[in-house]
Amino acid sequence: MILTVASFKGGVGKTTTAIHLAAYFARQAPTVLIDGDPNRSSTSWAARGKPEFEVAPESQIAIYARKAEHLIIDTKARPDPADLQALASACDLLILPCTPDPFALDALLLTIEALQTLGNDRYRILLTVVPPRPMPDGDNARRTLINAGLPLFERDIRRTVAFQRAALEGGTVDSVRNSDSAGLAWLDYEAVAEEVEALYGKKG
């Protein structure tokens, strides 16, 4: 299975999503995270810890594709149309993280427009950094996307400082100690990964 994580805006949890999905799938089968971001955020994150998956640069994707059952690709931010077409056509599912704020939603809609122009429908939107209720941001964003007829993961990723701690420690959020929200945040990504598995199973 090949999953690509992409966004037209920074700060939406693209690398966080790639890291956590790689960790989930690595616990089941050999998994490699391909770091295609010039900032090498995934590489830096993993270097601070001991991840259960390998991290490799984009230039080595052909090598690792032969040894891994799952590839998770962390792309550069704001891919141009040609890059987007290549990314979308070469993966089983394109995951588009988006925070529930107007600027991120506007950037997301540009991405969707480009994908629709390319005739690609193998994508799903993941709402990230969602503040807790009773703040309405997440519910409002979800309603907007559903009303627009766009495919959306059923589970949101909650906002918590535990993700920052996980990045500093080079691990995943479920390894963060003394934080009730950390365990819940891991369950968010676990639910998303299970939904990916269900989608992939249907595809197969």
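The structure this text deals with has already been given above.
All values derive from a computational prediction rather than experimental measurement.

Colleague: Where do I start with the overall build of the protein in this structure?
Modeller: Assigned secondary structure in the protein consists of 8 helices and 6 strands. Mapped from its N terminus to its C terminus, the protein presents α and β elements in the order β-α-β-α-β-α-β-α-β-α-β-α-α-α. Dimensions of the protein along its principal axes, counting C-alpha atoms only, are 45 × 40 × 35 Å. When the 204 residues of the protein are sorted by exposure, 50% land in the buried category. Put simply, of all contacts in the protein between residues at least 6 apart along the chain, 72% involve residues at least 24 apart. As displayed, the protein has an accessible area near 9900 Å², and 52% of this comes from carbon and sulfur atoms. Separation of charge centres in the protein, based on 22 positive and 26 negative side chains, amounts to 3 Å.

Colleague: Looking at this model, I keep getting lost on helix 7 (residues 162–169). Mind explaining?
Modeller: Think of an α-helix as turning once every 3.6 residues; residues three or four places apart then point the same way. Turning to helix 7, its buried residues are A162, F163, A166 and A167. Along the axis of helix 7, the buried residues cluster in a sector spanning 140°; they form a single face. For helix 7, exposure combined with an orientation more than 90 degrees from the buried face picks out Q164 and L168. G170, located one to two residues past helix 7, shows a positive phi value of around 75°.

Colleague: Mind showing me how you'd approach the packing of aromatic side chains here?
Modeller: Geometry of an aromatic ring pair is reported as the spacing of the ring centres plus the angle between the planes. In this structure the tally under the stated criterion is 2 aromatic pairs. Ring centres 5.1 Å apart and planes at 85° place the aromatic pair Y24 and F25 in the edge-to-face group. Of the two residues, Y24 and F25, both sit in the buried class. A ring pair is formed by F163 and Y189, whose centres lie 5.9 Å apart and whose planes are at 85°; its orientation type is edge-to-face. With F163 in helix 7 and Y189 in helix 8 (residues 180–203), this residue pair connects regions lying 26 residues apart in the sequence. A cation sits over an aromatic face here: R124 above F153, 5.9 Å from the ring centre.

Colleague: Would you explain the environment of G171 in this entry?
Modeller: Along the chain, G171 falls in the loop between helix 7 and helix 8. Sequence separation between G171 and E52 is 119 residues; the distance between their C-alpha atoms is 9.4 Å. For G171, the residues in contact, after removing those within four places along its chain, are I19, W45 and A166.

Colleague: Is there a simple way to think about helix 1 (residues 14–26) in this case?
Modeller: Relative to the 18 Å expected for 13 residues at 1.5 Å per residue, helix 1 spans 18 Å between its end C-alpha atoms, a close match to the ideal helical length. Of all the 13 residues making up helix 1, 13 are buried; the element is thus mostly covered by neighbouring parts of the structure.

Colleague: Is there a simple way to think about the side chain of D156 in this case?
Modeller: Secondary-structure assignment places D156 in the loop between helix 6 (137–147) and helix 7. There is a polar contact of 2.4 Å between the side chain of D156 and the side chain of R142. Apart from residues lying up to four places away in sequence, D156 is in contact with L127, V130, R142 and D188.

Colleague: Please clarify how the pairing of strand 6 (residues 123–127) should be interpreted in this entry.
Modeller: Every regular strand shows the same layout, with side chains that alternate between the two sheet faces. By the criterion of burial, strand 6 is predominantly enclosed, with 5 of the 5 residues buried. The side-chain alternation of strand 6 yields two buried faces, one formed by Y123, I125 and L127 and the other by R124 and L126. Bridge count for strand 5 (residues 93–98) against strand 6 is 5 bridges, and the pairing is parallel. Within strand 6, the position partnered with L94 by the bridge is Y123.

About the cut-offs
- Along each chain, numbering runs from 1 in the same order as the chain's sequence is written.
- This being a predicted model, a pLDDT of at least 70 is required before a residue's local features are given, and a value of 80 or more before pairs of side-chain atoms are given or counted; all residues contribute to the totals for chains, interfaces and linings.
- Remark: hydrogens and water are excluded; side-chain values derive from all non-hydrogen atoms of the structure.
- Secondary structure counts use DSSP, requiring at least four H or I residues in a row for a helix and at least two E residues in a row for a strand, with both numbered from the N terminus.
- Note on exposure labels: buried denotes an accessible area under 20% of the residue type's maximum, exposed denotes more than 50%, and partly exposed covers the range between, all computed with a 1.4 Å probe on protein chains only.
- Note on contacts: a residue pair is in contact if any heavy atoms of the two residues lie within 4.5 Å.
- For accessible areas, the Shrake-Rupley method is used with a probe of radius 1.4 Å. Any residue's cover is judged against the shown protein chains and nothing else.
- His is not counted, nor are the chain ends, whereas Lys and Arg count as positive and Asp and Glu as negative.
- Charge coordinates come from a single atom per side chain, which is NZ of Lys, CZ of Arg, CG of Asp or CD of Glu.
- What the arc covers is the set of directions going from the helix axis to the C-beta atoms.
- In summary, the pairing rule links any two rings of Phe, Tyr or Trp, Trp by its six-membered ring, whose centres are within 6.5 Å, and it sorts them by plane angle into stacked for under 30 degrees, edge-to-face for over 60 and tilted for everything else.
- Placement of a charge over a ring requires the Lys NZ or Arg CZ to be within 6 Å of the ring centre, with the centre-to-atom vector within 35 degrees of the ring normal.
- Expected span of a helix, by definition, is 1.5 Å for each gap between consecutive residues, and there is one gap fewer than residues.
- Polar contact is the term for a pair of N or O atoms within 3.5 Å; when the atoms are in protein, one must be able to donate a hydrogen and the other to accept it, and sequence-neighboring residues count only if both atoms are side-chain atoms.
- Being paired, for any two strands, means DSSP has found at least two bridges between them.

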